[in-house]
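# Reading the structure
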Amino acid sequence: MNEKNILLIESAFKEYYFNRFDLIHVPQKATEREFGYQKFNSGMTRHLVVKNDKDLHLLLMKEVPSDVYCSNAYYSFPSLPMSEKDWKGADLIFDIDAKDLALSCRKDHTVFKCISCNNPTIEFSQQCSKCGSTKFETVSVGCKNCISESKKEVTKLVDILTTDLNVKKEQIEVYFSGNEGFHVRVTNNDYESLGSQERADLVDYLMFNGAIPESFGIKRQNNFKASLPTFEEKGWRGRVAHKLFSSKSKVPKATREIIASGYSAFQVQLEEIKKTMGVKVDPKVTMDIHRIFRLEGSINSKSGLSKIQCEDLNSFDPFLEACLLGNDDVNVMVNCPLQIRLKNKKFGPYNNEIVSLPKYAAVYMLCKGLGNAV
Amino acid sequence: MLKIGVKDLAKYPFLTEAGEYLRNTGLSLEQLGHPDWQPIVEKAYGRIVVASSGQIYGSDLEALDNDSELLSFLVAIILLKSAGIATLIRRFSLAESRRAERYLQQDLWISRDKKNLELPLKIIQDLFAVNVSIDNEDFVIKVPDYLQRAVHFHEKEWKLVNRRVANGLVYLSAHETVRLIRTELGEYINGKIQSVNVDSIPQSFRHRVDDLVTLAKKFSDTVYVSSEYPPCVKHGIEVLEKGENLPHSGRFLLATYLLSKGQTVDQIAPLFKNAPDYNERTTKYQLEHISGSSGSGTKYQCPSCEKLRSESLCFATPDCDGIINPVQFGKRRKNP
Ligand SMILES: [Zn+2]
Ligand SMILES: [Zn+2]
């Protein structure tokens, strides 16, 4: 990123960190966690200890990072190299990202940006119309549908966590990720000591990965209706029953069909159930017990929006509530073929023009790589 | 306070209470050296021989003297420690854990009334810190306790998604509950044996200790494990060594791989001895079938890396770079 852009973004970030420190806190057990941050155009600084809110404030004001992270793990010695930290446990974390949901709306808000000349287009073409280059990067801008579909995944996740896994509502924190999805953090003593492999199997449970017909009463031969799941059952068997039978009156007919169709057909049905009912989380994030994860309250440099906790998920509007940078107008050169909505205002499309935008919108364009400071 | 009788100790002689029981009888190691006690030494020796052959020592708890069941276990440990051969100790721990496993399962399953159920649940709780409780016909344990153990199993049925789960609990049968703690039981018994110190032994034990040393020589070269094996094959061998169940696809990999390296059916068969469902005749029959020396005469090839990946049997390391079948492992490494 060029220097001018960095100056503009950093001044906006600094203003936010200075004014809104009420929103930025270290998580519980802060002294046992590893912190890290990044600055624009430079690498990650890791293995830091940030003892309290005051230290965090100092760090933010002094460094003005592009992104700030904190481990979900607790260590005896968080500032030592990984092998000497002495891992003690970790919160369960989940990352739900709209880009992983295979939504049909994605193509409507994805911009193809030429790597050589930055020319953005909405339609994909093999070659850049301006310079002939064949290399593009994709930039996705905010989309209501992506957010509401991601919320559905969060709801599914919270539902299974609370009913099947006995996690209490008050142990679950839901955050907007600051870009296109949600982060969920579970602080429950029973699960914090689980290692990576255990977490991988837990994720498979949530995603409904690896389910075999036998577990739902269908063997390769000699099947009886008695072993199929019923509505009254808990966990996946109960959910699968609802999906297979939809209503009580349909049970006898559906049961005959399932038994007649046999093993492979049932396997296909389970695959379908996985697609609709499995929670779509990023398994790599949950499995990683040494990760540093975006710190709540900090700004996501992919968008200039903040990672903030959602008190009421249903009504939560990230493009209003997580858009927390200043309102002062600044002039920027913007090349954005799509219209975007922030704080209930519409911006663009702009065709490589200098426009005066409120700081939050200007920074959004710069962070997305669709504009430049002038 | 839970009362543990001598019959329980005969079933679970590795419990701390067994040592206390012995102390209370006032019987010393010196006394056990007396010719009157020679039958116990013989019984102990027999127990080790059975274990070393991969069989499970069976006790008739109704007909036999429970004291001698318990004593023979303790004497066996003394013999093993004096012989000091790790392979024998490992095989013995494994076989004894299988034996205890049978009783645990029986005790869980048959004695459904609360009174009798206390002991097996206490053993599981005390030894492995797993709290098992009962819900109607099922045994239930917490999801994290389940995951920490079940992730070491390779069969899909052990994945949490294939279990009945509700309110943070996993529902298991008696058999599954015991299966879940198998490895820990073996390790516990092994640890117990390791922690025993034997200074001097009665002269009457000497002879059998020497026999154990001779016996161990027979085993030292049966299973040839080479560091040149690819990680998937090493992993399979480790699983079997630990007495864990290796799925059929894994056994097929081991058999085809080792056959391709020129090992014979007789050389390979002992590898499967620790498998929970080992049967010598069936194993030989299957190996001969795979090797093409029986049945259709087709010699089966080692499965490809891709196939193994799809079966979760691939544990690739950087040394695997550039190979598409485990039999190629090591051949390309010496390139400049
Ligand atoms: Zn171009
Ligand atoms: Zn969308």
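Quick caveat, the model's predicted, so the values are computed rather than measured.

Residues and elements named next belong to chain B. With 90% of its residues at a pLDDT of at least 70, chain B reaches an overall mean of 83. Note that residues 332–336 has pLDDT below 50 and, in this model, four contacts with residues that lie over four places away or in other chains. Overall fold confidence for the complex sits at a pTM of 0.81, while the interface term, ipTM, reaches 0.94.

The next subject is the UniProt feature "binding site: [4Fe-4S] cluster" (unreviewed entry) in chain B. Residue and element names in this part refer to chain B. Sites flagged by UniProt as "binding site: [4Fe-4S] cluster" (unreviewed entry) map to C232, C305, C314 and C320. Taken along the chain, the residues just named run across 89 residues; in space they keep tight, none of their C-alpha pairs more than 10.2 Å apart. Here C305 lies in helix 16 (residues 305–310). Discounting chain neighbours no more than four positions away, the residues touching C305 are I323, I324, N325 and P326. For C314, the position within the fold is in the segment after helix 16.

All names here are of chain A. Around the zinc ion (ligand 1), the protein contributes the donor atoms C114 (SG), C117 (SG), C128 (SG) and C131 (SG), which lie 2.2 to 2.3 Å from the metal centre. Geometry at the zinc ion (ligand 1) is tetrahedral, judged from its four donor atoms and the angles of 103 to 115 degrees they form at the metal. Here the donor residues of the zinc ion (ligand 1) share one chain and are spaced in sequence as C-x2-C-x10-C-x2-C.

Core analysis: the biggest nonpolar cluster contains 169 residues, and L342 and L357 of chain A together with Y146 of chain B have the highest contact counts within it. With 11 residues, the top contributor of residues to this core is helix 5 (residues 66–83) of chain B. Setting aside its immediate chain neighbours within four residues, L357 of chain A contacts D328, D329, V330, V332, V334, F347, Y350, A362 and M365 of chain A. Core analysis: the second largest hydrophobic core is formed by 25 residues, L253, Y257, L271 and Y278 of chain B among them.

Contacts between chain B and chain A engage 20 residues on the former and 26 residues on the latter. When chain B packs against chain A, the two sides together hide about 1900 Å² of surface, and 59% of this comes from carbon and sulfur. Area buried by chain B at its contact with chain A is led by V151, V161 and N167 of chain B, which between them contribute 27% of it. Taken together, the links from chain B to chain A amount to three salt bridges. Notably, a salt bridge pairs D204 of chain A with K159 of chain B, separated by 2.6 Å at the nearest N-O pair. Counting the contacts that link chain B with chain A gives 10 residue pairs in polar contact (both at pLDDT 80 or more). Going through the elements one at a time, helix 8 (143–150) and strand 3 (164–166) of chain B are the ones with two or more residues in the side of chain B that touches chain A. Counting residues per element, the side of chain B that touches chain A draws most heavily on helix 8 of chain B, which supplies four residues. In terms of residue class, the side of chain B that touches chain A is made up of 10 nonpolar, five polar and five charged.

Residue and element names in this part refer to chain A. A sheet is described by the order of its strands in space; here three strands give the open sequence 8-7-9, paired in antiparallel fashion. Strands at the two margins of the open sheet, each flanked by one partner only, are strand 8 (120–121) and strand 9 (136–140). Here strand 7 (residues 110–114) runs beside strand 9; their pairing, made up of five bridges, is antiparallel. Its bridge partner lying in strand 9, T110 is registered against S140.

Another aspect to go through is the domain arrangement of chain A. Residue and element names in this part refer to chain A. You can read the domains of chain A as domain 1 (3–101 + 142–205 + 282–373) and domain 2 (209–277). Centre-to-centre, using C-alpha coordinates, domain 1 lies 39 Å away from domain 2. At the junction of the two partners, domain 1 supplies six residues and domain 2 supplies six residues. Three residues, K156, D204 and Y205, lead the burial of domain 1 against domain 2; their summed loss comes to 65% of the area buried on that side. There are one salt bridge connecting domain 1 and domain 2. Counting across the interface, domain 1 meets domain 2 through four residue pairs in polar contact (both at pLDDT 80 or more). Looking at the side of domain 1 that touches domain 2, the elements with two or more residues in it are helix 3 (144–163) and helix 5 (196–207). Residue contributions to the side of domain 1 that touches domain 2 peak at three residues, all from helix 3. Considering only residue class, the side of domain 1 that touches domain 2 consists of two nonpolar, one polar and three charged.

Cut-offs applied
- Residues numbered from 1 in each chain as written.
- Chains lettered and ligands numbered in written order.
- Predicted model: local features only at pLDDT ≥ 70, side-chain atom pairs only at ≥ 80, totals over all residues.
- Heavy atoms only, no water.
- pLDDT = per-residue confidence, 0-100.
- Contact = heavy atoms within 4.5 Å.
- UniProt positions renumbered as here; feature names shortened; annotations may be inferred.
- Helix = DSSP H or I, 4+ residues; strand = E, 2+ residues; numbered from the N terminus.
- Donors = N, O, S within 2.8 Å, 3.2 Å for Na, K, Ca; no water.
- Tetrahedral: all angles 85-135°; square planar, octahedral: opposite > 155°, others 65-115°.
- Core = buried A, V, L, I, M, F, W, Y, C linked by side-chain atoms within 4.5 Å.
- Buried < 20%, exposed > 50% of the residue type's maximum accessible area, 1.4 Å probe, protein only.
- Buried area = accessible area lost by both parts, 1.4 Å probe.
- Salt bridge = Lys/Arg side-chain N within 4 Å of Asp/Glu carboxyl O.
- Polar contact = N/O pair within 3.5 Å; in protein donor to acceptor, adjacent residues only side chain to side chain.
- Nonpolar A, V, L, I, M, F, W, Y, C, P; charged D, E, K, R; others polar.
- Pairing = 2+ DSSP bridges.
- Domains from an automatic or database assignment.

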